[in-house]
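Overview (structure and organization)
Letter by letter, the chains look like this.
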Amino acid sequence: MLELNVKNETSRLRAVVLGTAESNGPTPTIEEAYDPKSLEHIKAGTYPFEEDMVKEMEAFNQVFKKYDVKVFRPQIIQDYNQIFSRDIGFVIEDIFIKANILPDRERELDAIQYVIDQIDPKKVVRPPEEAHIEGGDVMPWNDHIFIGTYKGSDYKDYITARTNMAGVNYIKELFPNKIVKEFDLVKSKIEPRDNALHLDCCFQPVGKDKGIIYKSGFREEADYMYLVNLFGKENLFHIEREEMYNMNSNVFSIAPYVVVSEKNFTRLNNWLRENGITVEEIPYAEIAKQEGLLRCSTLPLIRD
């Protein structure tokens, strides 16, 4: 049995589901694009090739091996994108929550069923149908759970709006002892530089008390200020619009002082090192073209 335990974003990682880029399928059509960044690359003819994405994910896998992390991979679905395992489920404390994802992604959950089968069935839950929630929007942070959402009345018109208030309320009921704080995110169907697809596109904690943040990703200044007050402005690394577009906040912590980051994130990586964090740099720029990066490709199961 897997004894699940995830209380925050940075404690020492012991077990994780890492997505896969194998048999990723042909380049999607314009109509099939789920997010504005993929759409941009489909139109420009620069959508990533499977072989390049497989190499990038293997580099990530090697870092996990180096740190002796148990890695599960999804079973391969032919011609299907299974890179972003964070979307399909997430763990808080010792509970595995299946995400209510876009209906045509349901098969991705089936592909990790062999992992879910190793969890106590009483610890596996699924929100009711009206509660939409994806792992990229959910961040346990000790006594807090941060959740990205979209409160606009046009929620249903946005395929980029992934977590709704019914989803937030479901988590509040599931974890009555936690401070569940939702953040209203900026969404765009057409401009990837103005689209916070998930909370981890504009914020993520690192280390013990620090974080990476993109102020303009929040629709309400009060939401941004909540994090500034909680972490302290001096502990937050502020990224710019282009850095947000390149997914600088979507790195992944293996331990409080070990962060896996994209090798081109020079400014961020220097700041992490200045703050005593070991940076494991890998190439991940091809996968980034699909508006997802390192955190999106992982589903942590056990942290110390």
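Please refer to the structure placed before this passage.
Residues numbered from 1 in each chain as written. Predicted model: local features only at pLDDT ≥ 70, side-chain atom pairs only at ≥ 80, totals over all residues. Heavy atoms only, no water.

A look at helix α2 (residues 50-66)
In a regular helix each residue adds 1.5 Å, so 17 residues correspond to 24 Å; α2 covers 24 Å between its end C-alpha atoms and thus fits that length. Downstream of α2 by one or two residues, Asp 68 has phi in the positive range, about 60 degrees. (Helix = DSSP H or I, 4+ residues; strand = E, 2+ residues; numbered from the N terminus. Expected span 1.5 Å × (residues − 1).)

A few points about the side chain of Glu 182
Within the fold, Glu 182 resides in strand β8 (residues 179-184). Here Glu 182 falls in the buried class, since its relative accessible area comes to 13%. Separated by 3.1 Å, the side chains of Glu 182 and Lys 151 make a polar contact. Once residues lying within four places of it in the same chain are set aside, the contact partners of Glu 182 are Ile 147, Thr 149, Lys 151, Met 165, Val 168, Lys 172 and Asp 223. (Buried < 20%, exposed > 50% of the residue type's maximum accessible area, 1.4 Å probe, protein only. Polar contact = N/O pair within 3.5 Å; in protein donor to acceptor, adjacent residues only side chain to side chain. Contact = heavy atoms within 4.5 Å.)

A word on the pattern of salt bridges
Two side chains bearing opposite charge may form a pair once their charged atoms approach each other closely. The full count for this structure, using the stated rule, is 23 salt bridges. A salt bridge links Arg 14 to Asp 304, with the nearest nitrogen and oxygen atoms 2.8 Å apart. Remark: Asp 304 occurs in the segment after β15 (298-303) and Arg 14 occurs in strand β1 (residues 13-18); sequence separation between them is 290 residues. Classification of Arg 14 as partly exposed rests on a relative accessible area of 34%. Looking at Asp 304, the relative accessible area reads 52%, which means it is exposed. Close ionic contact of Asp 223 with Lys 181 constitutes a salt bridge, the shortest N to O distance being 3.1 Å. Here Asp 223, found in helix α6 (residues 221-231), pairs with Lys 181, found in strand β8; they are 42 residues apart in sequence, far enough to count as distant. According to the relative accessible area criterion, Asp 223 is buried, its value standing at 6%. Residue class for Lys 181 comes out buried when judged on its relative accessible area of 17%. Residues joined in a network through salt bridges with shared partners are Lys 7, Glu 93 and Lys 178. (Salt bridge = Lys/Arg side-chain N within 4 Å of Asp/Glu carboxyl O.)

Notes on the packing of aromatic side chains
Taken as a whole and judged by the stated rule, the model has 13 aromatic pairs. Where Phe 183 meets Tyr 226, the ring centres are 6.2 Å apart and the plane angle is 70 degrees; that geometry is what we call edge-to-face. Taken together, the residues span a long stretch of sequence, with Phe 183 in strand β8 and Tyr 226 in helix α6 at a distance of 43 residues. Residue Phe 183 is classed as buried on the basis of its relative accessible area of 0%. One aromatic cluster is present, formed by Trp 141, Phe 146, Phe 183, Phe 203, Phe 218, Tyr 226 and Phe 231 through successive ring pairs. Sitting above the plane of the Tyr 245 ring, Lys 37 keeps its charged end 4.4 Å from the centroid. Residue placement shows Lys 70 over the ring face of Phe 72; its charged tip is 5.0 Å from the ring centre. (Phe/Tyr/Trp six-rings, centres within 6.5 Å; stacked < 30°, edge-to-face > 60°. Lys NZ or Arg CZ within 6 Å of the ring centre and 35° of its normal.)

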